[in-house]
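Chain residues, written in single-letter form:
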Amino acid sequence: MDSMEEIYLKHGKMIYGFLLTRTQDPDLAEELTQETFYQAVKNIGTYKGKSSVSTWLCGIARNLWYEHLRKQKKHVPLEEAAEIPVDSAEKQMFHSWDSIQILRLVHGLENPMREVMYLRLVGNLTFGQIGEIMEKSENWARVTYYRGKERVMKEAEKL
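Residues numbered from 1 in each chain as written. Predicted model: local features only at pLDDT ≥ 70, side-chain atom pairs only at ≥ 80, totals over all residues. Heavy atoms only, no water.

Engineer: Help me get a handle on the packing of aromatic side chains, residues and values and all.
Structural biologist: Within a pair of aromatic rings, the relevant descriptors are the distance that separates the centres and the angle that separates the planes. Counted by the stated rule, this structure contains three aromatic pairs. When the ring of tyrosine 47 is compared with that of tryptophan 56, the centres are 4.9 Å apart and the planes differ by 45°; the resulting orientation is tilted. Pair check on accessibility: tyrosine 47 and tryptophan 56 agree, each one buried. Seen from the ring of tryptophan 140, lysine 136 lies directly overhead, with NZ or CZ sitting 5.6 Å from the centre. (Phe/Tyr/Trp six-rings, centres within 6.5 Å; stacked < 30°, edge-to-face > 60°. Buried < 20%, exposed > 50% of the residue type's maximum accessible area, 1.4 Å probe, protein only. Lys NZ or Arg CZ within 6 Å of the ring centre and 35° of its normal.)

Engineer: Kindly report on helix α6 (residues 113-121), identifying the contributing residues and their values.
Structural biologist: Among the nine residues in α6, seven count as buried, and that is most of the element. Restricting attention to buried positions, one finds in α6 the residues Met113, Glu115, Val116, Met117, Leu119, Arg120 and Leu121. (Helix = DSSP H or I, 4+ residues; strand = E, 2+ residues; numbered from the N terminus.)

Engineer: Tell me about the environment of leucine 109, and name the residues and values.
Structural biologist: Its place among the elements puts leucine 109 in the loop between α5 (99-107) and α6. With residues near it in sequence (within four places) discarded, leucine 109 still touches Arg114, Met117, Gly148, Arg151 and Val152. (Contact = heavy atoms within 4.5 Å.)

Engineer: Explain unusual backbone geometry to me, and be specific about the residues and the numbers.
Structural biologist: Proline 112 follows asparagine 111 through a cis peptide bond whose omega is 10°. Within the secondary structure layout, proline 112 lies in the loop between α5 and α6. For glutamine 24, which is not glycine, the phi dihedral falls at a positive 60°. Positionally, glutamine 24 belongs in the loop between α1 (4-23) and α2 (26-42).

Engineer: An account of the pattern of salt bridges is requested, with residue identities and associated values reported.
Structural biologist: Proximity of charged atoms lets side chains of opposite charge pair with each other. Counted according to the given criterion, the structure contains three salt bridges. With its nearest N and O atoms 2.8 Å apart, the salt bridge here joins glutamate 138 to arginine 142. Of this pair, glutamate 138 and arginine 142 both sit in helix α8 (residues 138-158), four residues apart, which is roughly one turn of that helix. The class of arginine 142 is partly exposed, set by a relative accessible area of 39%. (Salt bridge = Lys/Arg side-chain N within 4 Å of Asp/Glu carboxyl O.)

Engineer: Kindly report on the packing of α1 against helix α3 (residues 53-72), identifying the contributing residues and their values.
Structural biologist: Contact pair α1 / α3: the axes reach a minimum separation of 10 Å and the direction vectors enclose 35°. Handedness of the crossing formed by α1 with α3: right-handed. Across from Ile7, His11, Met14, Ile15, Phe18, Leu19, Arg22 and Thr23 in α1, the residues of α3 making contact are Val53, Ser54, Leu57, Cys58, Ala61, Arg62, Trp65 and Tyr66. When its residues are assigned to classes, the contact of α1 with α3 shows 11 nonpolar, three polar and two charged. (Axes fitted to C-alpha atoms, helices over the stretch in contact; angles between N-to-C directions. Left-handed = near helix turned anticlockwise from the far one by under 90°. Nonpolar A, V, L, I, M, F, W, Y, C, P; charged D, E, K, R; others polar.)

Engineer: Quick rundown of the side chain of threonine 144? Include the residues and the values.
Structural biologist: With respect to the element layout, threonine 144 can be found in helix α8. Here threonine 144 falls in the buried class, since its relative accessible area comes to 10%. At a separation of 2.7 Å, a polar atom in the side chain of threonine 144 contacts the main-chain carbonyl oxygen of tryptophan 140. Excluding anything up to four places from it in sequence, threonine 144 contacts Met113 and Val116. (Polar contact = N/O pair within 3.5 Å; in protein donor to acceptor, adjacent residues only side chain to side chain.)

So, in structure tokens, the structure goes:
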């Protein structure tokens, strides 16, 4: 395994971007990124190598984000959510609709489907990474995402 400094240099920007898409606050994303790497150093003994280092770090970052939300007892208002970036076929499809409306529909999904949709569309993660983060298979992530996409499309047609 690389040294922690090498790991930070290799994955720091990705973790920051992952957190920024969730927090919509550069200062909070930076703080949570630093805490992610602090927790990684502190708990390096728990890393068993079953997933990639980036996936392990994303899991730590996600847990820290949830912990922050629990402490704050609030969520970012949907109206303040960033637009979904366009760089894949499914994102182009979702982007052609009103992004706020799509996010409302995604937000209405139950977990873990909602989480998979966010990780894919906003976090820009692969199905393999999503499966590792959620401690499920890549196929599970694909099927869950597909079902979520179908539900969102069905609801969007009603509008």
